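For reference, the chains in residue letters:
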Amino acid sequence: MNNHLSDRIKNMSTSATLAMAAKARELRNEGKDIIGLSLGEPDFNIPDFIKDAAKQAIDENYSSYTPVDGYAELKTAISNKFKRDNNLEYGLKQIVVSTGAKQSLFNVAMVVLNPGDEVILPAPYWVSYSDIVKLAEGVPVEVTTEIDTDFKMTPEQLEAAITPKTRMIWFSSPCNPSGSVYSKEELEGLAEVLKKYPNIYVVSDEIYEHINFSGGHVSIAGIDGMYERTVTINGVSKAFAMTGWRIGYIGAPEWIAKGCIKLQGQVTSGANAIAQRAVIAALDAPVSKIQYMIDKFNERRDLVLQLLGEIDGFNLNVPEGAFYVFPDISSFFGKTLNGNLINNASDFSLYLLEHANVATVTGEAFGNPNCIRISYAASEKELKEAITRIKAVL
Ligand code: PMP
Ligand code: GLU
């Protein structure tokens, strides 16, 4: 049948994380016993105090359109959170609440980029960055980082990637998919390079800030000279296990925030009213209220590293945050496993799905063709079973 899909959509990739999750769901519906380690989604329930706030919001009739940029009370809670957790001063005019951090990222791309502007993405990067940049007619420029340096971009690599067309750098710390965490010194090194290029802006995606086992989280906006040039992205999907509630937000220079409000006003209006009220309770609470989830992720990381470390051919580093491991499995390339020739990470990930009934995501989607991403946001029982199965089919 004829279709007239726009080139924009034809040229876009489907989100590999969501596609793998959908495939796992489909196989499960067919009766297969699939263990899903593909989606970056906490397996915890939302803490009760947040649910209570949502129920109260329904009873209090928070049912109308909200201000496009979010309720003032929520923006105040976000401003206080930035001050408390990140030592960053963002006034209410610098904060925009959106339908997930994904929309926040999209807004920023649309607001800052002109066609042809280059965006440096240290690879591996989160799966949606490159397609969001392309949708805004920007050009993603990948900077390949290696497992031996914990997948972090060095100042030298950054400087080498800058051209007169560079407009932005996007990165996440803790990083999805590598779990790497940039230290203050490492961020200062990058900031030192950027001092020479005043027209380059930074998107610092800090959605995993609390899921950090290395100690302190550092926001690049707090480093000398960076505040005016940084958009700090955050949201409640990960730390508060609120993926389906769809609330993300930015702290940004006022002109960027204003642009995002203008765009959002024509696209989605304000984010969901009930979810916004619930997020006030989430952000006002001390981090100690969610520490039990962070501790569990830390235990699971150790378990997964230990069990995967027992499989020949997995090259692993120690991720310091988020809830992913990103092993290099290129030693399997060129081998035939149970009659399946493994040429690349996608073949490997598919092989695990079909033969071990374990869903992972190919590193190709994150800009690294030698690795796969395994999410350990799953129960200990599932993780043990999944890795036993993986070991058996390899
Ligand atoms: N950034 C990163 C690094 C992520 O892993 C995710 C995962 N969902 C997002 C942004 C988007 O989060 P949200 O659910 O708030 O849209
Ligand atoms: N961010 C999560 C992941 O990387 C959720 C899926 C998505 O939003 O793409 O798996």
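Residues numbered from 1 in each chain as written. Chains lettered and ligands numbered in written order. Predicted model: local features only at pLDDT ≥ 70, side-chain atom pairs only at ≥ 80, totals over all residues. Heavy atoms only, no water.

Asks: Just give me the short version of a negative patch on the surface, but keep the residues and values in it.
Replies: A cluster of like negative charges, contributed by E146, D148, D150 and E320, occupies part of the molecular surface. What makes D150 partly exposed here is its relative accessible area of 31%. (Patch = residues over 30% accessible without salt bridge, like charges linked within 9 Å, V, L, I, M, F, W, Y side chains within 5 Å. Areas by Shrake-Rupley, 256 points an atom, 1.4 Å probe, with all protein chains shown as cover. Salt bridge = Lys/Arg side-chain N within 4 Å of Asp/Glu carboxyl O. Lys, Arg positive; Asp, Glu negative; His and termini not counted. Charge placed at Lys NZ, Arg CZ, Asp CG, Glu CD. Buried < 20%, exposed > 50% of the residue type's maximum accessible area, 1.4 Å probe, protein only.)

Asks: An account of helix 11 (residues 291-309) is needed here, citing residue identities and associated values.
Replies: One turn of the α-helix equals 3.6 residues, which is why residues spaced by three or four share an orientation. Look at helix 11: 27 Å from first C-alpha to last across 19 residues, which is about the 27 Å you get at 1.5 Å a residue. Where helix 11 is concerned, the buried positions are M293, I294, F297, R300, R301, L303, V304, L305, L307 and L308. Next to the buried residues of helix 11 lie strand 9 (324-325), strand 14 (372-375) and helix 13 (380-393). (Helix = DSSP H or I, 4+ residues; strand = E, 2+ residues; numbered from the N terminus. Expected span 1.5 Å × (residues − 1). Contact = heavy atoms within 4.5 Å.)

Asks: Let's hear about the site of ligand 1: which residues, and what values?
Replies: Residues in close proximity to ligand 1 include G100, A101, K102, W126, N176, D205, I207, Y208, S237, K238 and R246, which together make up its full environment. One of the side-chain nitrogen or oxygen atoms of Y208 is found 2.7 Å away from an oxygen atom of ligand 1. Measuring from a nitrogen atom of ligand 1, one finds a side-chain N or O atom of K238 at 3.1 Å. When its residues are assigned to classes, the shell around ligand 1 shows four nonpolar, three polar and four charged. (Near = heavy atom within 4 Å. Polar contact = N/O pair within 3.5 Å; in protein donor to acceptor, adjacent residues only side chain to side chain. Nonpolar A, V, L, I, M, F, W, Y, C, P; charged D, E, K, R; others polar.)

Asks: Which residues make up the sheet that holds strand 4 (residues 139-144), and what are the values?
Replies: The sheet built from seven strands is open, its strands ordered 2-8-7-6-5-3-4 with mixed pairing. Taken across any chain shown, the strands that pair with only one partner, and hence form the sheet edges, are strand 2 (95-98) and strand 4. Averaged over all pairs of adjacent strands, the angle between strand axes in this sheet comes to 20 degrees, irrespective of strand direction. Taken strand by strand, helix 4 (residues 72-86) contacts strand 2, strand 7 (230-235) and strand 8 (248-251), and its axis lies near 115 degrees from that of strand 2. (Pairing = 2+ DSSP bridges. Axes fitted to C-alpha atoms, helices over the stretch in contact; angles between N-to-C directions.)

Asks: Could you give an account of helix 2 (residues 16-29), naming the residues involved and the relevant values?
Replies: The first and last C-alpha atoms of helix 2 sit 20 Å apart over 14 residues, in line with the 20 Å expected at 1.5 Å per residue. Those residues of helix 2 not exposed but buried are A16, T17, M20, A21, A24 and L27. On an axial view of helix 2, the arc spanned by its buried residues comes to 135 degrees, and they lie on one face. Directly after helix 2, the chain includes G31, whose backbone phi takes a positive value near 100 degrees. (Arc of directions from axis to C-beta.)

Asks: Describe a nonpolar patch on the surface, naming the residues involved and giving the relevant values.
Replies: A cluster of nonpolar side chains, contributed by L5, I9 and M12, occupies part of the molecular surface with about 250 Å² of accessible area. Position of M12 among the secondary structure elements: in the loop between helix 1 (7-10) and helix 2. On the basis of relative accessibility, which here comes to 34%, the residue M12 falls in the partly exposed class.

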